[in-house]
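Each chain is listed here by its residues.
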Amino acid sequence: MGWRWVFFIAGMPGILLGLVIFFTVREPERAKGVQSAGPKSAAQEEEEAAAQLAEDSITRTQRLLNIIRPFYRPTLWMLCIAGSIRNAAGYVWGYNTQPYFQSIGQTPEQIATYMSWIPLVGGSFGAAFGGFISDRVVKKQGLSARIWVLIISQLVAAPFAAGALFLPTPWAYISLIPANIIGEMWVGVCLTVVIELVPTKVRTGAVAFYLFIISNIGGNMQLILPPIQNSFKSYGYDSIDSLRAALYILYPGEFALGSVLFFVTLVVYKIEKKAKKDDDAYQVLVND
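Reading the values: rules and limits
- Residues numbered from 1 in each chain as written.
- Predicted model: local features only at pLDDT ≥ 70, side-chain atom pairs only at ≥ 80, totals over all residues.
- Heavy atoms only, no water.
- Salt bridge = Lys/Arg side-chain N within 4 Å of Asp/Glu carboxyl O.
- Helix = DSSP H or I, 4+ residues; strand = E, 2+ residues; numbered from the N terminus.
- Buried < 20%, exposed > 50% of the residue type's maximum accessible area, 1.4 Å probe, protein only.
- Patch = residues over 30% accessible without salt bridge, like charges linked within 9 Å, V, L, I, M, F, W, Y side chains within 5 Å.
- Areas by Shrake-Rupley, 256 points an atom, 1.4 Å probe, with all protein chains shown as cover.
- Expected span 1.5 Å × (residues − 1).
- Bend = angle between axes of the 7 residues up to and from the residue.
- Axes fitted to C-alpha atoms, helices over the stretch in contact; angles between N-to-C directions.
- Parallel < 35°, antiparallel > 145°, perpendicular 65-115°, else oblique.
- Left-handed = near helix turned anticlockwise from the far one by under 90°.
- Contact = heavy atoms within 4.5 Å.
- Nonpolar A, V, L, I, M, F, W, Y, C, P; charged D, E, K, R; others polar.
- Core = buried A, V, L, I, M, F, W, Y, C linked by side-chain atoms within 4.5 Å.
- Polar contact = N/O pair within 3.5 Å; in protein donor to acceptor, adjacent residues only side chain to side chain.

S.K.: Could you clarify how one ought to interpret the pattern of salt bridges in this entry?
M.R.: Oppositely charged side chains are able to pair whenever their charged atoms sit close together. Summed over all chains, the structure comprises four salt bridges. The partner of E196 in a salt bridge is R146, and the shortest N-O contact between them spans 2.8 Å. Of this pair, E196 sits in helix α9 (residues 186-197) while R146 sits in helix α7 (residues 143-166); the two residues are 50 residues apart in sequence, bridging distant segments of the chain. Between D241 and R244 there is a salt bridge; the shortest N-O distance is 2.8 Å. Pair noted here: D241 and R244 are both in helix α12 (residues 239-250), with a separation of three residues, about one helical turn. The class of D241 is partly exposed, set by a relative accessible area of 32%.

S.K.: What is the right way to read a nonpolar patch on the surface from this model?
M.R.: Taken together, W148, I152, V156, F160, F263, V267 and I271 make up a surface patch of nonpolar side chains, about 610 Å² in accessible area. Going through the elements one at a time, α7 and α13 (252-287) are the ones with two or more residues in the nonpolar patch. By the element assignment, F160 lies in helix α7. Assessed through its relative accessible area of 33%, F160 is described here as partly exposed.

S.K.: Help me understand helix α4 (residues 74-103), please; the structure alone is not making it clear to me.
M.R.: Residue pairs spaced three or four apart in an α-helix point in one direction, given the helix's 3.6 residues per turn. The end-to-end C-alpha distance of α4, which contains 30 residues, comes to 42 Å, matching closely the 44 Å that a straight helix rising 1.5 Å per residue would cover. In α4, a bend of some 50° at N96 exceeds every other bend along the element, and P99, a proline, comes one to four places later. Two residues or fewer after α4 comes G105, characterised by a positive phi angle close to 100°.

S.K.: Would you take a moment to explain the packing of α4 against helix α8 (residues 171-183) for this structure?
M.R.: Packed helix pairs are characterised by how far apart their axes lie and by the angle those axes make with each other. Two elements in contact, α4 and α8, have axes separated by 14 Å at closest approach and are oriented at 165°. For the element pair α4 / α8, the angle class is roughly antiparallel. With respect to the hand of their crossing, α4 and α8 are arranged in left-handed fashion. For the pair α4 and α8, contact is made by R86, W93 and F101 and by A172, Y173, L176 and G183, respectively. Grouping the amino acids of the contact of α4 with α8 by side-chain chemistry returns five nonpolar, one polar and one charged.

S.K.: Explanation requested: the packing of α7 against α12 in the structure shown.
M.R.: One can describe the packing of α7 onto α12 by two numbers: an axis separation of 10 Å at closest approach and a directional angle of 175°. Relative to α12, the element α7 lies roughly antiparallel. Judged by residue contacts, A162, L165 and F166 of α7 engage R244, L247 and Y248 from α12. Partitioning the contact of α7 with α12 into residue classes produces five nonpolar, no polar and one charged.

S.K.: Whenever I open this one, the side chain of N180 confuses me. Can you help?
M.R.: For N180, the position within the fold is in helix α8. What makes N180 buried here is its relative accessible area of 13%. Residue contacts for N180: discarding those within four places in its chain leaves I118, P119, G122, G123 and G126.

S.K.: Explanation requested: the nonpolar core in the structure shown.
M.R.: Note on soluble globular proteins: their nonpolar side chains tend to be buried together. Grouped together as the largest cluster of nonpolar side chains are 59 residues, with contacts concentrated most on L79, W93, F101 and Y210. When residues of this core are assigned to their parent elements, the largest contribution, 12 residues, is made by α4. For L79, the residues in contact, after removing those within four places along its chain, are L150, C190, V193, V194, L197, Y210, F262 and T265.

S.K.: Is there a simple way to explain α12 in this structure?
M.R.: Helix length check: α12 (12 residues) gives 16 Å between terminal C-alpha atoms against 16 Å at 1.5 Å per residue, within 8%. Those residues of α12 that fall on the buried side of the exposure criterion are S242, L243, R244, A245, A246, L247 and L250. Capping the start of α12, D238 holds a side-chain oxygen 3.2 Å from the backbone nitrogen of I240, two or three residues further along.

Any functional reading would require information beyond the geometric quantities listed.
Right under this line is the structure:
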């Protein structure tokens, strides 16, 4: 089977755990609403029954529209665009890690010595650390502080990502450690921002829709690498330098671009927030 065994070995635990969960975990009964402390009046019971009937009568198309509707907000547009660009950097580097290091003379064994653990350990720690920062450190400071974490983390991580292309080995590998730890902080923080921007009832679907967007856009960014590489070749770059130049644009370059787009997201969010506050103040004035 050769190299195919890597995929079988990586996938088999997931299949086994899926079967265990399927046969042992039971879905808890969902609450139909907030229970009142005292006995319910007939009017309350009728209102709850009507609300439940309306919820049950919603079609799949309507449910999908309810999930998509919050993404009409400019803040979520920008968050999807910024997340897609940042996600693309990871996809591009993931596709080209081995070709790049082999092109500069590294053997598969040398690459495996470092790349078998750096993305796993650094990326996992970075995602967890980003979630911790989001939930603990900036929890009391609101959504704006979370977006600042996105901006700063990607800006700080970009030079380390560039170091993987600029430095000789083994320093190129070592530079990837802080790039992964700091750069992957965006995952947990970004999902937290999405959750805070959508209604409670559609949060699960909204997260899935957000991941669908950034995965499809980011996953296809690899397609523009060959044209960029060929463009550098037309200016006299050799194969190694043209690949390195293209990766500068699509790896650390997208870290930096993602940071800029997250900053634009912050600006748009503040404009939205101010407009809503002004509108609420106007409504109070009119009602008075």
